[in-house]
Amino acid sequence: MIRRTRPVAGAIALLAALTAGIAFPAGAAAGEPTGQDAPKVDLVLDVSGSMRAKDIDGQSRMAAAKQAFNEVLDATPEEVQLGIRTLGANYPGDDRKEGCKDTAQLYPVGPLDRTEAKTAVATLVPTGWTPIGPALLKAADDLDGGDGSKRIVLISDGEDTCAPLDPCEVAREIAARGIGLTIDTLGLVPNAKLSRQLSCIAEATGGTYTSVEHQDELTDRVNELVDRAAEPVVTPVATEGAGSCDKAPVLKSGLYTDREEFGQQRWYRVELLAGQELRASVSVAADRAVRPDYGLLVRAVTVHDREIVRGEATGNGRTDMVSTGLRYPKPELEDDDSGKPAAETVCLGVTTSFSADAGVKTTPGLPLELTVDVVDGPDDASDVASFGLGRGWWLLGALVVAGFLAGLVWGWLSRWRVAVWRTN
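Residues numbered from 1 in each chain as written. Predicted model: local features only at pLDDT ≥ 70, side-chain atom pairs only at ≥ 80, totals over all residues. Heavy atoms only, no water.

So, about the sheet that holds strand β3 (residues 81–87). Pairing in this open sheet of 6 strands is mixed, and the strands run β4-β3-β2-β5-β6-β7 from one edge to the other. Both outer strands of the open sheet, β4 (103–110) and β7 (209–211), are each paired with one neighbouring strand and no more. In this sheet, adjacent strand axes meet at a mean angle of 15° when their direction is disregarded. For β3 and β4, the ladder comprises 5 bridges, and the chain directions are antiparallel. For Leu87, the partnering residue across the bridge sits in β4 and is Thr103. Together, β2 (40–46), β3 and β5 (150–156) form the strand contacts of helix α2 (residues 61–75), whose direction differs from that of β2 by roughly 165°. (Pairing = 2+ DSSP bridges. Helix = DSSP H or I, 4+ residues; strand = E, 2+ residues; numbered from the N terminus. Axes fitted to C-alpha atoms, helices over the stretch in contact; angles between N-to-C directions. Contact = heavy atoms within 4.5 Å.)

What follows deals with the confidence of the model for the chain. With 83% of its residues at a pLDDT of at least 70, the chain reaches an overall mean of 82. In this model, residues 1–28 is a region of pLDDT below 50 whose contacts with residues beyond four sequence positions or in other chains number 57 contacts. The model gives residues 381–390 a pLDDT under 50, and that stretch makes 13 contacts with residues more than four places away or in other chains. (pLDDT = per-residue confidence, 0-100.)

Turning our attention to the packing of α2 against helix α8 (residues 215–230). Where α2 meets α8, the closest approach of the two axes is 9 Å, and the angle between their N-to-C directions is 35°. The way α2 lies across α8 gives a crossing that is right-handed. In contact with Ala64, Ala65, Gln67, Ala68, Glu71, Val72 and Ala75 of α2, α8 contributes Gln215, Leu218, Thr219, Val222, Asn223, Val226 and Asp227. Classifying every residue of the contact of α2 with α8 gives 8 nonpolar, 4 polar and 2 charged. (Left-handed = near helix turned anticlockwise from the far one by under 90°. Nonpolar A, V, L, I, M, F, W, Y, C, P; charged D, E, K, R; others polar.)

To continue, consider the side chain of Glu307. Mapped onto the fold, Glu307 is located in strand β13 (residues 307–315). The buried category is assigned to Glu307, whose relative accessible area is 13%. In this structure the side chain of Glu307 is engaged in a polar contact, spanning 3.3 Å, whose partner is the side chain of Arg299. Only 2.9 Å separates the side chain of Glu307 from the side chain of Arg310, close enough to count as a polar contact. (Buried < 20%, exposed > 50% of the residue type's maximum accessible area, 1.4 Å probe, protein only. Polar contact = N/O pair within 3.5 Å; in protein donor to acceptor, adjacent residues only side chain to side chain.)

It is worth spelling out the environment of Thr351 at this point. Turning to its location among the elements, Thr351 is positioned in strand β15 (residues 343–352). Between the alpha carbons of Thr351 and Trp267 there is a distance of 9.0 Å; along the sequence they are 84 residues apart. Residues in contact with Thr351, not counting those within four places in the same chain, are Glu260, Gln264, Gln265, Gly295, Leu296 and Leu297. In terms of polar contacts, Thr351 uses its side chain to reach the side chain of Gln265, at 2.9 Å.

The next thing to look at is helix α4 (residues 114–122). Taken residue by residue, α4 has Ala117, Ala120 and Val121 as its buried positions. Axial view of α4: buried residues confined to an arc of 100°, hence all on one face. Set apart from the buried face of α4 by more than 90 degrees, the exposed residues are Thr115 and Ala122. Buried residues in α4 make contact with α2, β3 and β4. Near the N-terminus of α4, the side chain that reaches the backbone nitrogen of Thr115, with its oxygen 3.3 Å away, is that of Asp113. (Arc of directions from axis to C-beta.)

For the rest of this paragraph, the subject is the sheet that holds strand β16 (residues 366–376). Spatial strand order, β8-β9-β16-β11-β14: 5 strands in an open sheet with mixed pairing. In the strand order of this sheet, the two ends are held by β8 (237–238) and β14 (321–329), each with one partner.

For the rest of this paragraph, the subject is a negative patch on the surface. Side chains of Asp57, Glu71, Glu213, Asp216, Glu217 and Asp220 sit close together on the surface and give a patch of like negative charge. Summarising the element assignment, Asp57 is placed in the loop between β2 and α2. Judged by its relative accessible area of 44%, Asp57 is partly exposed. (Patch = residues over 30% accessible without salt bridge, like charges linked within 9 Å, V, L, I, M, F, W, Y side chains within 5 Å. Areas by Shrake-Rupley, 256 points an atom, 1.4 Å probe, with all protein chains shown as cover. Salt bridge = Lys/Arg side-chain N within 4 Å of Asp/Glu carboxyl O. Lys, Arg positive; Asp, Glu negative; His and termini not counted. Charge placed at Lys NZ, Arg CZ, Asp CG, Glu CD.)

The subject of this paragraph is the packing of aromatic side chains. Per the counting criterion, the structure on display carries 1 aromatic pair. Each ring, one from Tyr294 and one from Phe354, has its centre 4.6 Å from the other, and the planes form 15°; the classification is stacked. Of the two residues, Tyr294 sits in strand β12 (residues 294–301) while Phe354 sits in the loop between β15 and β16, which places them 60 residues apart along the sequence. Neither Tyr294 nor Phe354 differs from the other in exposure class; each is buried. (Phe/Tyr/Trp six-rings, centres within 6.5 Å; stacked < 30°, edge-to-face > 60°.)

What follows concerns the packing of helix α6 (residues 167–176) against helix α7 (residues 192–204). It is at 8 Å that the axes of α6 and α7 come closest, and there the two elements cross at 10°. Considering the angle they form, α6 stands roughly parallel to α7. Contact with α6, carried on its side by Pro167, Cys168, Ala171, Arg172 and Ala175, involves Gln197, Cys200, Ile201 and Ala204 of α7 and no other residues of that element. (Parallel < 35°, antiparallel > 145°, perpendicular 65-115°, else oblique.)

All told, the structure shown has 18 salt bridges when counted by the stated rule. One salt bridge connects Arg85 with Asp142, and the closest N-O pair in it is separated by 2.8 Å. Taken together, the residues Arg85 in strand β3 and Asp142 in helix α5 (residues 132–142) connect sequence positions 57 residues apart. Like Asp142, Arg85 is buried. Arg327 serves as the salt-bridge partner of Glu277, at 3.0 Å between the closest nitrogen and oxygen. Note that Glu277 is positioned in strand β11 (residues 276–285) and Arg327 in strand β14, a separation of 50 residues in sequence. Arg327 sits in the partly exposed class, given a relative accessible area of 35%. Three or more residues joined by partner-sharing salt bridges are found here, namely Asp55, Arg61 and Asp157.

Here the focus is unusual backbone geometry. Here Asp57, not a glycine, exhibits a phi torsion of approximately 55°, which is positive. For Asp305, which is not a glycine, the phi torsion comes out positive at approximately 70°. Following the sequence through the fold, Asp305 ends up in the loop between β12 and β13. Asp305 sits in the exposed class, given a relative accessible area of 55%.

As structure tokens, this is what we get:
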């Protein structure tokens, strides 16, 4: 029997998984925070010539950034390994080719020596170009290695000047590496073109974009992002779905990332024991311009291609993400002769219906995030088919009966009061 789930259920499940973390079984499961490595943050600061402009609280953008950095360095948690990278700080010439190579590690990512880091920041002078793309690639290398959280905080007052190396494409390439790196961006001037570029960079990796116009706003926001890096997070694990179920990777409970081409179908497998329940949610982000009216379908099928349950959602272009999910409880069965509980391989198929206009790049594919959770199933597996209410139907029925009886009593009392009033 096919059971449908409402798209909102998948979205809520995904949101809960991303914000609160999934209750995984004991042991280190895929995507589970292990706490073995310290969180790492690389602050990437634009030191191009435009940072001389004096439009932030009566001081130059560079002076505001330095003051903010000094306060951030004082407040950085001890467990965070922090580094500082610059772009446009060293080459003052007009040779674009040389200017686009101008990115350097001012302070290496590692245990923080606050005095040494502040001394390095004090030497900065606004100088050259704005090679955002090359700086992001180098910053990703600065953070390579380990399984702790990784975050780049990019602060710039202007868009990249080193096209055709598009910073958005660089951010997508970094996201496709599957190393769990997030890029947050801050713009120092209210500029529409800069906002679009920095927003695109952040969205490609699940980060945030913030426009700041005051020094205290810059300090507070960078402090917040550095503190966030120290919080326990679930790091997604990169996987690669297959074109058919028999070749699909076997996934355990966890959070996974993949890339899916336009109109493509990807398959994954999950092993489910009797008495367990599979909960899966999928989210696909439109990290580039796509046509409105797109959709997402996730199906759970048997190895013999019999559909068990599905979840689907559609979008109309108002949001840049579409999510859905499903639940499948495997009923309890008697143990077989070997004494082992009966197992089942469930195939998860994810299909998208995104399309793009001519000229929009279709590779790499759209970022896909898949949450898989295998838990102990409900006492009665058929509960999940009761329009999502399960045993809530009993409560709903009791409320209906109670409301009906209360209405009768209230009506009788009202008639009695009217009769007494007429008599008097």
